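# Report on the structure
Given next are the chains, with one letter for each unit.
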Amino acid sequence: MAELGGQVTSGSRGWAAFYADHGSLFVRITNLDRSNIRLDLSNSRYVQVDPNDAEARRTQLASGDLLVSITADIGIIGYVDEYVPKPAYINQHVARVRLDPNLVDSRFVAYYLASWEPQRSFVGSTDTGAKAGMNLAAVAALSTVVPPLAEQSRIADALTDVDDLIATLKRAIAKQRAIKQGLVQQLLASRSSWPESTIANQFHVQLGKRFDAAVNRGELKPCMTNRGVRWGRIEPAETVQAPLTKQDTADLRLVAGDVLVCEGGEIGRASVWNDELPECYYQNTLHRLRAKGSYRPQLLVAFLEYRAKTGALTAMVGKSSLAHLTKENLMRVPIPVPSVREQDAITGVLKDNNDLISDLERRLAKNQAVKQGMLQELLTGSTRLPVEEEVA
């Protein structure tokens, strides 16, 4: 960085006295995102400070600045673009690097430093101890590849275009999820005319089995884990092979219409199994719910998602460093029981919404994979982008 005109500084302590409900943006580590060099301003803090104050001038941000987290989660890279409101300042946990634009495109450097190989170097540059950190000398010593300046800009433009598309897809997914939550909230608001029951009354509930290859015996079979259960969809690639006895296969085989509910992690996260694999079983990180009667599994998933997003499921579990949704607590969850005709109408609407969200999520995953490939090809020089030569 020093050879590229890098001016390195960090924020200072004592900003809490200047916190305000509005004013100038105050950037913290929470505004940095490992998946994107753009700042995440969804959780912003503001300060009221005199921009002519010496400390304010020293830590003020400008378009083109690079940001590096230097404490706690070390090495997260941010880039200050023209959309970041100015003036803006940084706290003591973030380093600011200002490069010479005549020597290097700082967007390119940000993408490079955020890529896999340079991220490994942050571990070696870290001061270990009770409170790990990275000093400013180490930030100034960070290295980057330096293709021709015009090529740097073309690479940064290409990666920015992909990031723009990824950001657009994320906003569309968030919008559709909000629409879905609104639909379910409206349904629950009008449930006074519906009888109320519990999961125990409407579904058979069975927790999966813990499989240990060193202990268990049997034939290897595909088993779904909680990583493969997302809201509204199943990820078949997240299955693992586990040894199952004949009794296990009889007890734990999934059939279309089963609802899989996460026992730990994001407790209550659920989806309907639709025979994504011709044969599959499930582990003890999941509950399997199988309808006793005509209750539509898609409707149950919608109600569980609403209760999870509003904190109702967590409240049932109680405060714990490692929360688990036990079978007993899950069976006690109250659910409304619309008529079968109403259930079919509701699930039809929700299916359209779920299908749209799933399509957007597939497109998002595809573009994220494309970006990773571009990072590998463009930032290592494996693929070079042609640039027009300047005409004298």
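The structure reproduced in this document is the subject of the present report.

How each quantity is defined
Residues numbered from 1 in each chain as written. Predicted model: local features only at pLDDT ≥ 70, side-chain atom pairs only at ≥ 80, totals over all residues. Heavy atoms only, no water. Helix = DSSP H or I, 4+ residues; strand = E, 2+ residues; numbered from the N terminus. Contact = heavy atoms within 4.5 Å. Areas by Shrake-Rupley, 256 points an atom, 1.4 Å probe, with all protein chains shown as cover. Lys, Arg positive; Asp, Glu negative; His and termini not counted. Charge placed at Lys NZ, Arg CZ, Asp CG, Glu CD. Polar contact = N/O pair within 3.5 Å; in protein donor to acceptor, adjacent residues only side chain to side chain. Phe/Tyr/Trp six-rings, centres within 6.5 Å; stacked < 30°, edge-to-face > 60°. Buried < 20%, exposed > 50% of the residue type's maximum accessible area, 1.4 Å probe, protein only. Expected span 1.5 Å × (residues − 1). Pairing = 2+ DSSP bridges. Salt bridge = Lys/Arg side-chain N within 4 Å of Asp/Glu carboxyl O.

### Some points on the overall build of the chain
A count of helices and strands for the chain gives 11 helices and 19 strands. Counting only C-alpha atoms, the chain reaches 75 × 50 × 50 Å along its principal axes. The long-range share in the chain, meaning contacts at least 24 apart out of those at least 6 apart in sequence, stands at 78%. Put simply, the chain shows about 20000 Å² of open surface, and 51% of that area lies on carbon and sulfur atoms. With 46 positive and 45 negative side-chain charges, the chain shows a spacing of 7 Å between the two charge centroids.

### Details of the environment of S42
If you trace the backbone, S42 turns up in the loop between strand 3 (24-27) and strand 4 (45-47). In sequence terms S42 and N31 are 11 residues apart; their C-alpha atoms lie 7.9 Å from each other. A polar atom in the side chain of S42 sits 2.7 Å from the side chain of D40.

### Describing the packing of aromatic side chains
The tally for this structure, following the rule as stated, stands at five aromatic pairs. Seen in terms of ring centroids, W15 and F18 are 6.1 Å apart; in terms of plane orientation they differ by 65 degrees. Their pairing is edge-to-face. In this structure W15 comes out as buried when scored by relative accessible area, which is 6%. Measuring from ring centre to ring centre gives 5.4 Å for W15 and Y89, while their planes differ by 35 degrees; the resulting arrangement is tilted.

### Points about helix 2 (residues 106-114)
When you tally the buried positions in helix 2, you get eight out of nine residues, the bulk of the element. By the burial criterion, the buried members of helix 2 are S106, R107, F108, V109, A110, Y111, Y112 and L113. For helix 2, the N-terminal cap is D105; the gap from its side-chain oxygen to the backbone nitrogen of R107 is 2.9 Å.

### A short note on helix 11 (residues 340-379)
The terminal C-alpha atoms of helix 11, which comprises 40 residues, lie 56 Å apart, in line with the 58 Å expected from a rise of 1.5 Å per residue. Of the residues one or two after helix 11, G381 is the one with positive phi, at around 85 degrees.

### A few points about the sheet that holds strand 7 (residues 88-90)
Strand order in the open sheet formed by four strands is 2-4-3-7, and the pairing between neighbours is mixed. Both outer strands of the open sheet, strand 2 (19-20) and strand 7, are each paired with one neighbouring strand and no more. As judged from the three bridges shared by strand 3 and strand 4, these two strands associate in the antiparallel manner. When the sheet's bridge partners are listed, L25 is paired in strand 4 with Y46.

### Examining the pattern of salt bridges
Think of it this way: side chains of opposite charge can pair up when their charged atoms draw near. According to the stated counting rule, one finds 24 salt bridges in the structure shown. For the salt bridge of E151 with R384, the shortest nitrogen-to-oxygen distance reads 2.6 Å. With E151 in helix 5 (residues 149-189) and R384 in the segment after helix 11, the pair connects residues that are 233 residues apart, well separated along the chain. Its relative accessible area of 4% is what places E151 among the buried residues. Between E361 and R177 there is a salt bridge whose closest N-O contact spans 2.3 Å. In this pair, E361 is assigned in helix 11 and R177 in helix 5, connecting sequence segments 184 residues apart. Connected through shared salt-bridge partners, R177, R233, E235 and E361 make up one network.

### Some thoughts on the sheet that holds strand 14 (residues 239-244)
Overall, mixed pairing links the three strands, which are arranged 14-11-17 in an open sheet. Two strands bound the open sheet, and with one partner strand each, they are strand 14 and strand 17 (281-282). Note: strand 11 (residues 219-224) against strand 17, two bridges, orientation parallel. Within strand 17, the position partnered with M224 by the bridge is Y282.

### With respect to the pairing of strand 5 (residues 66-69)
Residues L66 and V68 line one face of strand 5 and the alternating positions L67 and S69 line the opposite face, and both faces are buried. As judged from the three bridges shared by strand 5 and strand 6 (residues 77-79), these two strands associate in the antiparallel manner. When the bridges of strand 6 are listed, V68 appears paired with I77. Pairing geometry for strand 5 and strand 8 (residues 94-98), over four bridges, is antiparallel. In the strand pairing of strand 8, L67 is matched with R96.

### A short note on the side chain of T144
Residue placement: T144 occurs in the loop between helix 4 (136-140) and helix 5. Sequence-distant contacts of T144, that is, excluding residues within four places in its chain, are made with M1, L4, F108, V109 and Y112.

In short, the description is geometric, and any link to function would need to be established separately.
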